[in-house]
Protein chains: 2
Amino acid sequence: MAGPTPRATVKRNARRAEYDTATLKAILASDQVCHVAYVEDGEPRQIPTLYFCDDEYLYLHGNRQSALLRYVGKGGEICVTVTLVDGVVVARSGFHCSMNYRSVTLFGRGEALEGKDHLDILNEFVRALVPGHEQAVREPTSQELAATAVVRIPLTELSGKVRTGPPADDEGDLTSSVWAGEIPVARTRQAAVASEDLRDGIEMPDYIKNFEYRG
Amino acid sequence: MAGPTPRATVKRNARRAEYDTATLKAILASDQVCHVAYVEDGEPRQIPTLYFCDDEYLYLHGNRQSALLRYVGKGGEICVTVTLVDGVVVARSGFHCSMNYRSVTLFGRGEALEGKDHLDILNEFVRALVPGHEQAVREPTSQELAATAVVRIPLTELSGKVRTGPPADDEGDLTSSVWAGEIPVARTRQAAVASEDLRDGIEMPDYIKNFEYRG
């Protein structure tokens, strides 16, 4: 495989760079909210949005009239970043205090999906959000399909940065009396709350009881 | 107060737009990792990084040689987004499945800080990451200060989007037998892990025991 393109090459803290495609895809599979950057009037724009990936593409969806999806529809370059925070790194010096994290940045252009692919991917978005729920919901209406665009970006030009483990303190600080270590953090779900207008007699399905949040 | 500028005006799901400065600052105070978008060669770039805010500015720091900080140093426009995920919204239709979240987007140009301001803000970064630890760490060395840039962006051109509560299902779906509701999610800390090379006899300080992760 060829090396990363210049824009996908990590310049700072290159020791934390990650280019292994399988590792990067595993990071992408561990979250569901990304930030998408694009350019308008020569200036940066950015939005947080849901995504999911299969082995070849990252998928985005949204209102067809949204600035981002119109930009993508015109072939504009986007930059998608996914960032998982894994912990706070408490070093003996302020300089080495940091975070443990896994992030992936993907560059590319989007390709709009229509017809059966469009419908299938919208269904996959429901499954990515709440696995099992895609079997429960009704089919999208024609108005819903007309309102919602789906685009995919190939997982070809991507790179990542990963930091794990304890602080990397300077040799000279190891005799310090300052506490050092790591405080892991994780996002976890809490108890589900049924809608107040839920019809009587509807039980909470197992896929809601057993749901685990990714990200 | 004047209304939001065009680029800071929420176009999609405008009912979720938030322009109240106090509310937006409270959201910014609830997290510490942002995504910064900028433009290079006419294309979007993006990095996740730590930040903190006071009442007037959002602060970023990083290696002086990083592409982002060189861009900011040249007066380039940036777009900073902070996104807190609060829950998964499980609707009776796929179309209305969503996330509960709070996000803020800030536009502007950065201003580099030097001298005492530079030192003070680096100290504030330690305090923002692990409150109390800024009292424990040694002073930065001249090399560390030389390596690290600090910039601030005024909190003047910003807007937000907030979604809370149960799904907003279509009237016609309320008689559906599909379960609907919300699954809250939260990021929480786990037990702190001391560095293996910690000097014997160093106890975990109360500010580590009582640390609460923001974000």
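Structure first, text after, so check above.
I will try to describe carefully the structure that is included in this document. Every value quoted in this text rests on a predicted model; they were computed, and no experiment measured them.

What follows is about the pattern of salt bridges. Throughout the structure, instances matching the rule amount to 36 salt bridges over all chains. Among the ionic pairs, Arg45 of chain A bridges to Glu43 of chain A, the shortest N-O distance being 3.2 Å. What makes Arg45 of chain A buried here is its relative accessible area of 7%. Taking the shortest distance from any N to any O, the salt bridge between Arg152 of chain A and Glu111 of chain A comes out at 2.9 Å. Taken together, the positions of Arg152 of chain A in strand 8 (residues 148-154) and Glu111 of chain A in strand 7 (residues 111-113) put the pair 41 residues apart, joining distant regions of the chain. Residue Glu111 of chain A is classed as partly exposed on the basis of its relative accessible area of 37%. Connected through shared salt-bridge partners, Arg7, Glu77, Arg109 and Glu157 of chain A together with Glu40, Glu43 and Arg45 of chain B make up one network.

This brings us to the interface of chain B and chain A. Think of interface size as the accessible area that goes away when the parts come together; that is how it is often given. Taken together, the 86 residues of chain B in the interface contact 86 residues of chain A. Summing the contributions of chain B and of chain A, the shared interface buries around 7200 Å²; its carbon and sulfur component is 63%. A per-residue breakdown of the area chain B buries against chain A is headed by Gln46, Trp179 and Arg187 of chain B, which together make up 11% of the total. Joining chain B to chain A, the criterion identifies eight salt bridges. Counting every contact that joins chain B to chain A gives 29 residue pairs in polar contact (both at pLDDT 80 or more). Listed by contribution, the elements that provide at least two residues to the side of chain B that touches chain A are strand 2 (33-40), strand 3 (43-53), strand 5 (77-90), strand 6 (98-109), helix 3 (115-129), helix 4 (142-147), strand 10 (181-189) and strand 11 (193-194) of chain B. Here the side of chain B that touches chain A gets ten residues from one element, more than from any other, and that element is strand 5 of chain B. Looking at the side of chain B that touches chain A, its residues break down into 48 nonpolar, 22 polar and 16 charged. Of the strand pairs in this sheet, strand 10 (residues 181-189) of chain A and strand 10 of chain B are connected by five bridges, and their pairing is antiparallel.

About the cut-offs
- Throughout, residues of each chain are indexed from 1 in the direction in which the sequence is written.
- For this description, chains carry letters from A and ligands carry numbers from 1, given in the order in which they are written.
- A pLDDT threshold of at least 70 governs which residues receive local features in this predicted model, and a stricter bar of 80 or more applies before side-chain atom pairs are shown or counted, although totals over entire chains, interfaces and linings include all residues.
- Derived side-chain values reflect all non-hydrogen atoms in the structure, with water molecules and hydrogen atoms excluded from consideration.
- When a carboxyl oxygen of Asp or Glu is within 4 Å of a side-chain nitrogen of Lys or Arg, the pair counts as a salt bridge.
- Relative accessibility under 20% of the residue-type maximum defines a buried residue, over 50% an exposed one, and the middle range a partly exposed one, all with a 1.4 Å probe and only protein chains included.
- Secondary structure is summarised from DSSP: a helix means a run of H or I of at least four residues, a strand means a run of E of at least two, and numbering begins at the N terminus for each.
- Whether two residues are in contact is decided by their heavy atoms: any pair within 4.5 Å suffices.
- Throughout, buried area stands for the accessible area (probe radius 1.4 Å) lost by two parts on being put together, summed over both.
- Counted as a polar contact is a pair of N or O atoms within 3.5 Å, where, for protein atoms, one must be capable of donating a hydrogen and the other of accepting one, and residues adjacent in sequence contribute only when both atoms are in side chains.
- Ten residue types, Ala, Val, Leu, Ile, Met, Phe, Trp, Tyr, Cys and Pro, are classed as nonpolar, four, Asp, Glu, Lys and Arg, as charged, and the remainder, Gly among them, as polar.
- A pair of strands is treated as paired once DSSP finds two or more bridges between them.

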